[in-house]
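Listed below, chain by chain, are the residues.
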Number of protein chains: 4
Amino acid sequence: MLRVTVVGAAGYIGGELLRLLLGHPEVEVVGAVSSRLPGKRVDGVHPNLRSVTELTFCSAEDVPESDAVFLALPHRAVMEQIEHWRGRAGLVVDLTGDFRLADPEVFRDYYGTEHTAPHLLPAFVPGLPELHRKRLRDADLVSVPGCMATAAVLALHPLVTHDLLDREQGVQVDARTGSSGSGATAGPANLHAERSGAMRVFAPTRHRHEAEIAQHLGVRAAMTATGVEAVRGVQTLCHATLRPGVDAATVRRAFREQYTAEPFVRVVAHQRGTHRYPDPKILLGSNFCDVGFALDEDTGRLTVIGALDNLVKGGAGNAVQCLNIRSGLPENLGLTFPGLHPL
Amino acid sequence: MLRVTVVGAAGYIGGELLRLLLGHPEVEVVGAVSSRLPGKRVDGVHPNLRSVTELTFCSAEDVPESDAVFLALPHRAVMEQIEHWRGRAGLVVDLTGDFRLADPEVFRDYYGTEHTAPHLLPAFVPGLPELHRKRLRDADLVSVPGCMATAAVLALHPLVTHDLLDREQGVQVDARTGSSGSGATAGPANLHAERSGAMRVFAPTRHRHEAEIAQHLGVRAAMTATGVEAVRGVQTLCHATLRPGVDAATVRRAFREQYTAEPFVRVVAHQRGTHRYPDPKILLGSNFCDVGFALDEDTGRLTVIGALDNLVKGGAGNAVQCLNIRSGLPENLGLTFPGLHPL
Amino acid sequence: MLRVTVVGAAGYIGGELLRLLLGHPEVEVVGAVSSRLPGKRVDGVHPNLRSVTELTFCSAEDVPESDAVFLALPHRAVMEQIEHWRGRAGLVVDLTGDFRLADPEVFRDYYGTEHTAPHLLPAFVPGLPELHRKRLRDADLVSVPGCMATAAVLALHPLVTHDLLDREQGVQVDARTGSSGSGATAGPANLHAERSGAMRVFAPTRHRHEAEIAQHLGVRAAMTATGVEAVRGVQTLCHATLRPGVDAATVRRAFREQYTAEPFVRVVAHQRGTHRYPDPKILLGSNFCDVGFALDEDTGRLTVIGALDNLVKGGAGNAVQCLNIRSGLPENLGLTFPGLHPL
Amino acid sequence: MLRVTVVGAAGYIGGELLRLLLGHPEVEVVGAVSSRLPGKRVDGVHPNLRSVTELTFCSAEDVPESDAVFLALPHRAVMEQIEHWRGRAGLVVDLTGDFRLADPEVFRDYYGTEHTAPHLLPAFVPGLPELHRKRLRDADLVSVPGCMATAAVLALHPLVTHDLLDREQGVQVDARTGSSGSGATAGPANLHAERSGAMRVFAPTRHRHEAEIAQHLGVRAAMTATGVEAVRGVQTLCHATLRPGVDAATVRRAFREQYTAEPFVRVVAHQRGTHRYPDPKILLGSNFCDVGFALDEDTGRLTVIGALDNLVKGGAGNAVQCLNIRSGLPENLGLTFPGLHPL
């Protein structure tokens with residue numbers, strides 16, 4: 001059994017880590033850290049865990065030795081605490097933005113602050129099994145990408161590996177997201193009466209995940225982000241231009257080749273029916289990322305679509321998948337929930 | 001033109017008062033008081049009023065003389081400020097709970113605090129035109145009832161006036177409400193991710209509006225309140241027992257007689273179709289309260305249903321209707337928006 | 001391995017049965033019957049099962065011999081096909097209303113039609129483990145109760161077994177339900193634009209589940225049913241009167257005693273916090289039924305609340321729990337998904 | 001008083017036309033045509049019009065002479081009936097796609113069928129007051145643009161008139177829409193359980209409104225369309241590239257100049273607050289189209305945003321605005337409802 005600790009366990013990503021890890025057959029959760037609620041029952045803030053666990057939150061000082069620590073903290077907190085946690089566990093998985101961008105100047109540009117531990121940036125392996133599985137097998141430091149970045153990168157990745165893109169054009173990504181992505185802290189903007197039914201463009205340009213997309217794909221990326229009516233779920237519509245002469249069959253083949261052996265990426269691109277393209281509605285609670293595409297053959301313009309549950313494949317599930325890889329376990333252990341329909 | 005002031009103008013009831021009063025042909029809004037946002041533009045917090053008004057919030061001290069003042073404040077604030085406002089306007093319309101209950105002991109029982117101006121309780125006329133139209137014509141102090149109380153009282157009222165109820169049995173009211181009823185202040189319970197899709201029983205017994213229902217109808221009342229997925233809208237299901245021998249035709253006649261001349265109460269009780277009973281979905285933005293009923297003739301048990309928009313007929317609209325009555329204006333002036341379908 | 005068949009597999013209950021049975025470690029799904037879609041892929045209508053199964057629908061004639069057959073058909077179809085299915089499987093689990101009511105006259109009264117197989121009514125065991133576990137161990141015919149009936153019966157059951165109710169008063173049940181309960185067939189009433197945001201009283205009196213509640217509890221029951229904004233989820237608010245002298249501590253003890261050993265019923269009745277009473281929001285996808293209560297000690301009026309996912313504990317999950325009991329398997333096998341929060 | 005007739009009056013656009021026209025002080029509705037429901041009450045399908053009108057539907061043959069006829073029919077029906085309606089009214093306003101595209105070859109390309117009245121295409125004036133007000137003053141045939149096209153065209157129009165676009169790059173439009181846009185006819189795809197909470201890419205390339213955008217702006221346009229959780233509301237995110245050297249101040253000035261005198265277009269582009277960019281949430285029921293923009297000055301990439309209520313400014317309201325212009329009435333007559341907040 002792996003002994004694992006979740007730090008930031010009272011938040012939404014923290015709660016999802018607990019749900020997955022408590023149901024994982026090879027894991028024992030030994031610590032659930034919340035600086036705000038030490039001593040309180042975990043199921044007080046995560047009511048879906050009632051009767052599943054009697055665990056209480058502890059403070060950072062009381063964390064027992066662990067095989068792995070998951071850090072689900074506010075941005076900036078991890079880069080300040082990283083040395084502390086490295087000493088406590090063989091594997092540290094960071095779910096914040098602190099170690100996602102390899103270049104500290106890009107970090108400063110997008111986060112508006114200096115990186116305080118730039119020397120560690122090269123040591124972090126991106127927690128994206130579909131791109132970095134091999135390196136993850138013996139990574140000690142893992143940085144899980146942003147939820148919208150994951151959806152966009154997985155959607156566009158086959159085009160890059162198969163060299164089908166007109167790279168000069170860059171990519172344009174329109175992301176839609178549910179409200180859980182902004183966390184469990186109440187404020188005027190995420191009050192139910194304000195957020196319900198909204199189509200809120202909260203990042204019309206230069207969302208932080210834009211930099212991750214560019215980094216992972218090696219192309220210029222522009223991204224917008226809009227909050228739509230949903231609690232969970234991310235969908236990215238990516239606009240790209242194909243190299244001259246690339247047709248739909250070639251694109252389809254690239255997607256199939258790329259993902260046929262992947263346990264958690266499905267290609268969804270149908271001509272008919274209600275569920276023709278990736279939609280997070282059927283993915284909630286699951287670790288799947290669905291990807292699909294449609295080509296306007298007259299113009300060579302390609303629309304590529306990615307969808308996932310931001311708290312699972314866009315966060316906690318992806319992190320557990322990395323843990324499985326690093327620990328030599330079956331990759332889908334504890335991650336087999338298929339999603340609900342209808343929901 | 002009537003010169004009116006809205007106090008608590010940055011809240012949801014305050015915003016709705018502004019929307020209605022700014023569109024009212026015989027009203028000039030001379031003050032919009034917000035203690036939190038003096039000097040800020042009104043359309044900054046009420047974005048639906050962009051291009052409708054250039055008004056800014058002012059502080060309570062800067063209110064000009066007014067013909068009428070509407071108080072949309074937190075509970076308890078009005079009973080402390082009432083002398084201040086009485087001196088500033090010929091008509092004071094209170095939209096809080098402070099002067100709804102005629103008996104200060106009942107007030108203490110339901111609000112958990114002593115009333116600080118009990119001598120004024122008899123001077124307030126309930127802002128419920130369908131029951132108190134005549135008294136409202138020359139009222140100087142008006143107390144608008146609670147949104148759920150209004151829906152329940154209007155639904156049950158014809159049974160009382162026509163003496164059809166088995167009064168011994170009392171009435172049981174099951175109320176459902178949207179999130180705007182709890183106001184514009186953010187907190188953990190009304191965070192979108194928590195409140196969205198909820199069926200949250202926040203008052204399984206003894207909701208405060210229960211006391212208003214009992215007072216207006218003169219029967220024993222028990223009430224529950226549940227938050228359901230909606231921003232606006234209240235629906236009350238009321239269970240009552242008829243006196244022996246009362247049949248459905250008699251009930252129907254009572255409803256028709258009671259409400260045939262009322263501008264804002266419609267009887268909705270159909271045997272077929274999608275819209276057979278009152279549903280707030282089609283009432284949002286309108287000042288209608290729809291009421292309907294169904295009788296189980298075998299048992300004499302009657303289900304009576306009321307529906308309204310909690311911010312309009314359950315608050316701001318009802319208040320404007322009272323202003324019209326008091327001012328000798330056509331009762332529906334400024335209140336003719338019929339609601340949207342579908343929405 | 002148990003060989004099982006799902007009949008009516010293209011519907012919502014059918015899809016949920018497939019989701020649960022395909023993930024069940026001791027079950028092999030050998031048939032998925034759809035009279036409408038034979039030969040089509042199951043994941044075409046249940047997109048959450050993509051990559052989970054390659055199964056195609058078959059017709060009723062092509063069903064292989066099975067250990068158990070689940071019938072998720074329209075009401076009335078089962079009583080006509082029952083002899084056919086009894087010959088095909090050792091265990092028949094009916095999820096329709098056809099064999100829920102023991103008395104054929106009550107059936108006629110509530111369903112408006114004669115029962116065509118009344119001789120079989122006594123042979124069916126109610127698929128409600130919390131009330132009939134022992135009989136389910138060797139039942140060959142099981143009838144799973146209605147979703148709203150299950151929530152109400154489990155909520156009220158401890159009061160009956162502990163004789164705390166003033167039975168003369170009967171019980172009043174107000175049920176709220178999501179749209180999936182009305183099935184996968186499109187019509188004007190469940191068009192998204194019409195159903196979205198509705199509070200639609202579709203049964204103001206005499207909903208069919210009322211008769212089940214009365215039968216299981218042995219008390220007079222009156223029930224209303226309202227569709228609220230949700231796809232999944234049922235909540236029942238039950239109003240009852242306690243016998244004189246019964247206090248809250250006694251009620252609490254009755255609930256604890258009744259359900260402490262039950263794997264899928266949790267008592268939720270807290271004084272504080274956001275999640276004080278049962279709410280289906282946190283139960284979606286899970287087999288839990290949460291029950292809770294609040295007492296107005298002044299009047300002896302008790303509000304009892306039940307919540308569940310209508311497609312799981314209110315249907316498919318309950319059926320699988322019965323299969324586990326009948327087959328001598330651990331009762332929670334294949335049913336351990338805890339629900340999601342937030343969602 | 002203008003005598004007007006609505007054809008297709010039982011649909012959602014038809015119902016919205018009735019709501020607006022019944023409340024219009026200079027209009028008398030003389031006919032509400034429904035081929036499906038002649039003789040039935042209008043408020044049976046449009047329950048928000050209860051107590052507002054006693055009107056019944058009539059058949060096409062029974063339409064009295066009218067000053068104006070509004071055609072809210074399925075696509076293709078108008079081009080076949082157009083001669084009939086031209087003979088019945090001085091002004092015909094078509095709300096379908098039949099006469100939106102000036103070039104019959106483009107029509108064939110996007111609608112997959114031959115145009116049957118191409119000779120009339122030049123006679124139709126686009127029902128877009130902001131671009132064609134002058135021609136609308138004496139138009140006899142008006143074709144109201146598609147809802148998503150209207151949002152995109154109004155958002156991008158100032159850039160074209162002020163020549164700020166790098167026209168070589170074309171524009172990319174990402175449109176999100178509520179479910180009412182697909183009409184009042186039930187089918188599997190718009191069943192509540194399927195459509196609720198969806199992010200459904202129903203047109204990943206080549207939505208029909210794409211051709212309208214290109215036609216009105218004179219630039220190459222690519223468009224995607226996604227159904228999101230909403231009944232009403234359209235939002236378009238438009239991506240464009242500015243000519244070198246154009247800065248944010250220039251763009252802002254172009255928007256202000258273009259729309260400062262427009263009664264129904266507001267420029268919304270704020271640095272702070274919850275409501276920084278156009279969001280249909282606050283526009284429901286109103287005739288406003290809000291437009292805004294954000295510029296990434298490093299790259300010259302501009303995100304332009306449009307939002308409206310698809311049934312009002314995207315359909316019925318725009319049509320009434322055209323009627324006002326054509327009839328020499330104040331342009332906002334009958335169209336002053338400001339929208340609700342919160343909703």
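Chains are numbered independently. Their residues run from 1 in the order of the written sequence. Both sets of labels track the order of writing: A upward for chains, 1 upward for ligands. Whole-chain, interface and lining totals are the exception, using all residues; otherwise, since this is a predicted model, local features are given only for residues with pLDDT of at least 70 and side-chain atom pairs are given and counted only at 80 or more. Hydrogen atoms and water are omitted, and side-chain values are computed over all heavy atoms in the structure.

The strands that make up a sheet pair up through hydrogen bonds in the backbone, lying either parallel or antiparallel. Residues and elements named next belong to chain B. Here six strands make up an open sheet; going across it, the order is β2-β1-β3-β4-β6-β5 and the pairing parallel. Both outer strands of the open sheet, β2 (27–33) and β5 (125–126), are each paired with one neighbouring strand and no more. Pairing between strands is defined by DSSP: at least two bridges between them are needed. Each helix is a run of DSSP H or I of at least 4 residues and each strand a run of E of at least 2, with the numbering of both proceeding from the N terminus. Relative to strand β3 (residues 66–71), strand β1 (residues 2–7) runs parallel, the two being bridged by four bridges. When the sheet's bridge partners are listed, Thr-5 is paired in β3 with Val-69.

Next up on the list: the interface of chain D and chain B. Contact definition: two residues touch when any of their heavy atoms are within 4.5 Å. The interface of chain D with chain B comprises 31 residues on the first partner and 31 residues on the second. Contact with chain B buries surface across chain D, with Arg-50, His-341 and Pro-342 of chain D losing the most and accounting together for 24% of the total. By convention in these notes, a salt bridge is any Lys or Arg side-chain nitrogen within 4 Å of a carboxyl oxygen on Asp or Glu. The tally of links between chain D and chain B comes to zero salt bridges. Contacts described as polar in this section are N or O atom pairs within 3.5 Å, which, within protein, must combine one atom able to donate a hydrogen with one able to accept it, while residues neighboring in sequence count only if both atoms come from side chains. In this structure, the connection of chain D to chain B is made through eight residue pairs in polar contact (both at pLDDT 80 or more). Those elements that place two or more of their residues in the side of chain D that touches chain B are α1 (12–22) and α2 (42–45) of chain D. Ranked by residues supplied to the side of chain D that touches chain B, first place goes to α1 of chain D with three residues. Asp, Glu, Lys and Arg are counted as charged, while Ala, Val, Leu, Ile, Met, Phe, Trp, Tyr, Cys and Pro are counted as nonpolar; the rest, among them Gly, fall into the polar class. Of the residues contributing to the side of chain D that touches chain B, the split by class is 15 nonpolar, 10 polar and six charged. Buried area is understood as the total, over both parts, of accessible area removed when two parts are fitted together, assessed with a 1.4 Å probe.

To continue, consider the interface of chain D and chain A. In many reports, interface size means the accessible area that the parts give up when they come together. At the junction of the two partners, chain D supplies 46 residues and chain A supplies 46 residues. Carbon and sulfur atoms supply 54% of the area that chain D and chain A bury against each other, a total of about 3,700 Å² over both sides. Our enumeration of links across chain D and chain A arrives at one salt bridge. At the junction of chain D and chain A, the tally comes to 24 residue pairs in polar contact (both at pLDDT 80 or more). Among the secondary structure elements, those contributing two or more residues to the side of chain D that touches chain A are β7 (171–177), α7 (192–195), β8 (200–203), β9 (221–227), β10 (234–241), β12 (289–296) and β13 (301–308) of chain D. Of the residues contributing to the side of chain D that touches chain A, the split by class is 20 nonpolar, 14 polar and 12 charged.

We now examine the relation of the copies chain D and chain B. Superposition of the copies was done by least squares, using only C-alpha atoms of residues whose pLDDT is at least 70 in both. Superposing chain D onto chain B takes a rotation of 180° plus a shift of 0.0 Å along the axis, which leaves an RMSD of 0.0 Å. Here the symmetry operator amounts to a two-fold rotation axis. Looking at the rotation axis and the C-alpha trace of chain D, the residue lying nearest is Phe-337 of chain D, at 3.9 Å. A symmetric contact is evident, with 100% of the interface residues of chain D recurring at the interface of chain B.

Under the counting rule described, the total for this entry stands at 64 salt bridges over all chains. A salt bridge links Asp-43 of chain C to Arg-41 of chain C; its shortest N-O distance comes to 2.8 Å. Taken together, the shared-partner salt bridges connect Glu-16, Arg-19, Arg-232 and Asp-309 of chain A into one network.

All names here are of chain B. Burial classes follow relative accessibility: with a 1.4 Å probe on protein chains only, a residue under 20% of its type's maximum area counts as buried, one over 50% as exposed, and anything between as partly exposed. Buried residues dominate β1, accounting for five of its six residues. Pairing geometry for β1 and β2, over six bridges, is parallel. By the bridge assignment, Val-7 is partnered in β2 with Val-33. Viewed with both strands pointing away, a crossover whose connecting path from the first strand over the helix to the second turns clockwise is right-handed. One crossover worth recording links β1 to the parallel β2 by way of helix α1 (residues 12–22), and it is right-handed.

Residues and elements named next belong to chain A. UniProt positions are given in the numbering used here, feature names are shortened, and annotations may be inferred rather than shown by experiment. Within this numbering scheme, the UniProt entry marks Cys-147 as carrying the feature "active site" (unreviewed entry). Structurally, the position occupied by Cys-147 is in helix α6 (residues 147–161). Filtering out sequence-adjacent residues up to four positions away, Cys-147 remains in contact with His-209, Val-234, Leu-308, Asn-310 and Gly-314.

Residues and elements named next belong to chain D. Taken in spatial order, the seven strands line up as β8-β9-β7-β10-β13-β12-β11 in an open sheet, and their pairing is mixed. Both outer strands of the open sheet, β8 and β11 (265–267), are each paired with one neighbouring strand and no more. If you compare each strand with its neighbour and ignore which way they point, the axes differ by 25° on average. Here the axes come from fitting lines to C-alpha atoms, over the contacting stretch only for helices, and the angles between their N-to-C directions go from 0 to 180 degrees. Here helix α8 (residues 209–217) sits on the sheet and contacts β7 and β9; the angle it forms with β9, its principal contact strand, is near 140°.

The next subject is the environment of Tyr-110 of chain B. Residues and elements named next belong to chain B. Looking at where Tyr-110 falls in the secondary structure, it is placed in helix α4 (residues 104–111). By relative accessible area, Tyr-110 is classed as buried at 15%. Placed 101 residues apart in sequence, Tyr-110 and Ala-211 show a C-alpha to C-alpha distance of 7.5 Å. Those residues in contact with Tyr-110 that lie beyond four places of it in its chain are Arg-206, His-207, Arg-208, Glu-210 and Ala-211. A distance of 2.6 Å separates polar atoms of two side chains, one belonging to Tyr-110 and the other to Glu-210.

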